[in-house]
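Okay, here's what each chain looks like letter by letter:
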Number of protein chains: 2
Amino acid sequence: MSEENTPTSKSTDINERHRVRMERKKEIVDDKIQQAQRKAGVIVITTGNGKGKSSSGFGMVIRAMGNDMKVGVVQFIKGAMSTGEEKFLHRFPDEVSIHAMGEGYTWNTQNRERDMEKAEAAWAKSKEYLSDPSIGLVLLDELNIALKYHYLDVHKVIADLQARPPMQHVVITGRGALPELIAVADTVTEMQEVKHAFKSGIGAQAGVEW
Amino acid sequence: MSEENTPTSKSTDINERHRVRMERKKEIVDDKIQQAQRKAGVIVITTGNGKGKSSSGFGMVIRAMGNDMKVGVVQFIKGAMSTGEEKFLHRFPDEVSIHAMGEGYTWNTQNRERDMEKAEAAWAKSKEYLSDPSIGLVLLDELNIALKYHYLDVHKVIADLQARPPMQHVVITGRGALPELIAVADTVTEMQEVKHAFKSGIGAQAGVEW
């Protein structure tokens, strides 16, 4: 066996190649960071049929709270359930303001006119948060659903979003994000379902679905 | 103008069609819920190149906390940054146990052997959480990266995951989830980047990226 093939020199070789590759990667990343220095409030959208859209929004809520930012949360459509997030966030009335619509998913109400009224009321509350520069992050949970069903006018929503304080961040969740909204957003993630426990007969559970 | 075409009858018609469609939707959803009644700890994976993988994991952490569950968090790879989530969750030492690796992303260390040691130490801590039935949810943040770089053996990781308490949930995040891990997971979401603020020159910001 030649020296080059001994396990030790092999693993030294792997480690060295790794070091060189990572060094190059660091240069690229540092370079990108150098170029991306502008600070501004951003609009983040999480959409798609996969799990994780709302929980990602709530993750950003605690990220903001960890940075001493005040947060406003409006839940469109979903409000009927007392979810884990809601129960948890109600511990912090001085840091997080929450407005939850009084009804569940639209297929539980089957009353479009009432849904539209509730969506309008929720948007009025959203506008309050979107006009308050002391609020650093606004989460509009499931807003995409309300827009998809035309409970709210997307052009009015976009105008209000664009009139918000310049440093305020907005997170919008829900499947079926409208193209008009995607066009004005800064960061958009499509969450695609690869597999779902529900389909193998496992029900919704505390800590995972609610 | 015939009566059918007046705005009022038109909107009544839309509302009625909506009601019927939603009623049917409710039946389908109720039926699915009826079938999915099994309770069991699940493995949830969030992967892909889009934003929202870790924040979705942290959203599930607060969802669990809202349901009075104890949580264990291990951060693989990313630990160097004191993120907003970390700062926030450190407020709750009795509810959340956190283990963060001492180094940043691997391209900041460029030392594969040290990374491997740290990954092994982080896995030892994960195993502690995965052996403790009082912990309802374990978040293994960025574990996929450690597996992708072969810092940890995926078969050993799977064996330890499968030996955990039957009602314990596990959330695993990070791009490039290995097929072996996807095979044993219950719910998998691929987060795809549609747009990212970074690319239009906006830097990482408090409350959004950290």
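For the structure itself, look to the data block above.
What you are looking at is a predicted structure, and each value in this text was computed from that prediction instead of being measured.

Caption draft 1: Highlighting the packing of helix H2 (residues 53–66) of chain A against helix H2 (residues 53–66) of chain B. Where H2 of chain A meets H2 of chain B, the closest approach of the two axes is 6 Å, and the angle between their N-to-C directions is 85 degrees. One finds that H2 of chain A runs roughly perpendicular with respect to H2 of chain B. In contact with Ser-54, Ser-55, Ser-56, Phe-58, Gly-59, Met-60, Ile-62 and Arg-63 of chain A of H2 of chain A, H2 of chain B contributes Ser-54, Ser-55, Ser-56, Phe-58, Gly-59, Met-60, Ile-62 and Arg-63 of chain B.

Caption draft 2: Focus on the interface of chain B and chain A. In this assembly, 84 residues from chain B lie in contact with 84 residues from chain A. A buried area of about 7,400 Å², summed over both sides, lies between chain B and chain A, and 56% of it is on carbon and sulfur atoms. The tally of links between chain B and chain A comes to four salt bridges. For the salt bridge of Arg-91 of chain B with Glu-95 of chain A, the shortest nitrogen-to-oxygen distance reads 2.6 Å. Those elements that provide at least two residues to the side of chain B that touches chain A are helix H1 (7–35), H2, helix H3 (84–89), helix H4 (106–109), helix H5 (112–129), helix H8 (179–184) and strand S6 (187–195) of chain B. Sort the elements by how many residues they give to the side of chain B that touches chain A and H1 of chain B lands first, with 13 residues. Taken together, the residues of the side of chain B that touches chain A break down into 36 nonpolar, 26 polar and 22 charged. Relative to S6 of chain B, strand S6 (residues 187–195) of chain A runs antiparallel, the two sharing seven bridges.

Caption draft 3: Expanded view of a positive patch on the surface. A cluster of basic residues, Arg-21 and Lys-25 of chain A together with Lys-148 and Arg-175 of chain B, forms a positive patch on the protein surface. Relative to the helices and strands, Arg-175 of chain B is located in the loop between strand S5 (169–173) and H8. Judged by relative accessible area, which is 39%, Arg-175 of chain B ranks as partly exposed.

Caption draft 4: Spotlight on the sheet that holds strand S1 (residues 43–47) of chain A. The strand order across the open sheet built from twelve strands is S3(A)-S2(A)-S4(A)-S5(A)-S1(A)-S6(A)-S6(B)-S1(B)-S5(B)-S4(B)-S2(B)-S3(B), with neighbouring strands paired in mixed fashion. Each edge of the open sheet carries a strand with a single partner, namely strand S3 (96–100) of chain A together with strand S3 (96–100) of chain B. The mean inter-strand angle of the sheet, taken between neighbouring strand axes irrespective of direction, is 15 degrees. Summarising the sheet, strand S2 (residues 70–75) of chain A and S3 of chain A pair through five bridges and their orientation is parallel. Looking at S3 of chain A, one finds that Val-73 of chain A is bridged to Ile-98 of chain A. Strands in contact with H2 of chain A are S1, S2, S3, strand S4 (135–141), strand S5 (169–173) and S6 of chain A; relative to S4 of chain A, the strand with the most contacts, it is inclined by about 165 degrees.

Caption draft 5: Region of interest: H2 of chain A. If you check H2 of chain A, its first and last C-alpha atoms are 20 Å apart, about what 14 residues at 1.5 Å a residue would give, namely 20 Å. The buried fraction of H2 of chain A amounts to 14 of the 14 residues, a majority that puts the element mostly inside the structure.

Caption draft 6: Looking closely at the environment of Pro-179 of chain B. Residues and elements named next belong to chain B. Looking at the secondary structure, you find Pro-179 in helix H8. Assessed through its relative accessible area of 59%, Pro-179 is described here as exposed. Here the alpha-carbon distance between Pro-179 and Val-154, two residues 25 residues apart in the chain, equals 10.0 Å.

Caption draft 7: Layout of the side chain of Thr-47 of chain A. Residues and elements named next belong to chain A. Position of Thr-47 among the secondary structure elements: in strand S1. Within the structure, Thr-47 has its side chain in polar contact with the backbone oxygen of Gly-174 (distance 2.9 Å). Non-local contacts of Thr-47, meaning those with residues more than four positions away in its chain, are made with Lys-53, Asn-144, Gly-174, Arg-175, Gly-176, Ala-177, Thr-189, Glu-190 and Met-191.

Caption draft 8: The arrangement of the pairing of strand S1 (residues 43–47) of chain B in detail. Residue and element names in this part refer to chain B. Counting buried residues along S1, five of its five residues qualify, which places the element largely inside the surrounding structure. Covered by surrounding structure in S1 are Ile-43, Ile-45 and Thr-47 together with Val-44 and Thr-46, the residues of both alternating faces. Inspection of the sheet shows S1 paired to S5 by four bridges, in the parallel sense. Each residue of the ladder has a partner; that of Ile-45, found in S5, is Ile-172. Note that S1 and S6 share four bridges and pair parallel. Considered in S6, the bridge of Thr-46 is made with Thr-189.

Caption draft 9: Spotlight on the pattern of salt bridges. One pass over the structure, following the stated rule, counts 14 salt bridges over all chains. Residues Asp-13 of chain A and Arg-17 of chain A are paired through a salt bridge, measuring 2.9 Å at the closest nitrogen-oxygen approach. Of this pair, Asp-13 of chain A and Arg-17 of chain A both sit in helix H1 (residues 7–35), four residues apart, roughly one helical turn. The salt bridge involving Arg-63 of chain B is made with Glu-85 of chain A; its shortest N-O contact spans 2.3 Å. Linking Arg-63 of chain B in helix H2 with Glu-85 of chain A in helix H3 (residues 84–89), this pair reaches from one chain into another. When sorted by exposure, Arg-63 of chain B lands in the same class as Glu-85 of chain A, which is buried.

Caption draft 10: Highlighting the relation of the copies chain B and chain A. Overlaying chain B with chain A gives an RMSD of 0.0 Å, the required rotation being 180 degrees about an axis along which the chain moves by 0.0 Å. Within this description, the copies of the chain are treated as partners about a two-fold rotation axis. Judged by C-alpha distance, Ser-56 of chain B is the residue of chain B that lies nearest the rotation axis, at 1.7 Å. Here 100% of the interface residues in chain B have copies in chain A that are interface residues too; the copies meet face to matching face.

Caption draft 11: Summary view of the pairing of S5 of chain B. Residues and elements named next belong to chain B. Of all five residues that make up S5, five are buried, and the element is covered over most of its length. Bridge analysis of strand S4 (residues 135–141) against S5 gives four bridges, and the strand direction is parallel. Looking at the pairing, Leu-137 lines up with His-169 of S5.

Caption draft 12: Quick look at the packing of aromatic side chains. A full pass over the atoms with the stated rule returns ten aromatic pairs over all chains. A ring pair is formed by Phe-76 of chain B and Trp-123 of chain B, whose centres lie 6.4 Å apart and whose planes are at 40 degrees; its orientation type is tilted. Placement of Phe-76 of chain B in the loop between strand S2 (70–75) and H3 and of Trp-123 of chain B in helix H5 is noted, with a sequence separation of 47 residues between them. The buried category is assigned to Trp-123 of chain B, whose relative accessible area is 2%. Ring-pair connections join several aromatic residues into one group, and the members of that group are Phe-88 and Phe-92 of chain A together with Phe-88 and Phe-92 of chain B. Of note, Lys-148 of chain A hangs over the ring of Tyr-149 of chain A, and the distance from its end group to the ring centre comes to 5.9 Å.

Criteria and cut-off values
- Residues numbered from 1 in each chain as written.
- Chains lettered and ligands numbered in written order.
- Predicted model: local features only at pLDDT ≥ 70, side-chain atom pairs only at ≥ 80, totals over all residues.
- Heavy atoms only, no water.
- Axes fitted to C-alpha atoms, helices over the stretch in contact; angles between N-to-C directions.
- Helix = DSSP H or I, 4+ residues; strand = E, 2+ residues; numbered from the N terminus.
- Parallel < 35°, antiparallel > 145°, perpendicular 65-115°, else oblique.
- Contact = heavy atoms within 4.5 Å.
- Buried area = accessible area lost by both parts, 1.4 Å probe.
- Salt bridge = Lys/Arg side-chain N within 4 Å of Asp/Glu carboxyl O.
- Nonpolar A, V, L, I, M, F, W, Y, C, P; charged D, E, K, R; others polar.
- Pairing = 2+ DSSP bridges.
- Patch = residues over 30% accessible without salt bridge, like charges linked within 9 Å, V, L, I, M, F, W, Y side chains within 5 Å.
- Areas by Shrake-Rupley, 256 points an atom, 1.4 Å probe, with all protein chains shown as cover.
- Lys, Arg positive; Asp, Glu negative; His and termini not counted.
- Charge placed at Lys NZ, Arg CZ, Asp CG, Glu CD.
- Buried < 20%, exposed > 50% of the residue type's maximum accessible area, 1.4 Å probe, protein only.
- Expected span 1.5 Å × (residues − 1).
- Polar contact = N/O pair within 3.5 Å; in protein donor to acceptor, adjacent residues only side chain to side chain.
- Least-squares fit on C-alpha atoms with pLDDT ≥ 70 in both.
- Phe/Tyr/Trp six-rings, centres within 6.5 Å; stacked < 30°, edge-to-face > 60°.
- Lys NZ or Arg CZ within 6 Å of the ring centre and 35° of its normal.

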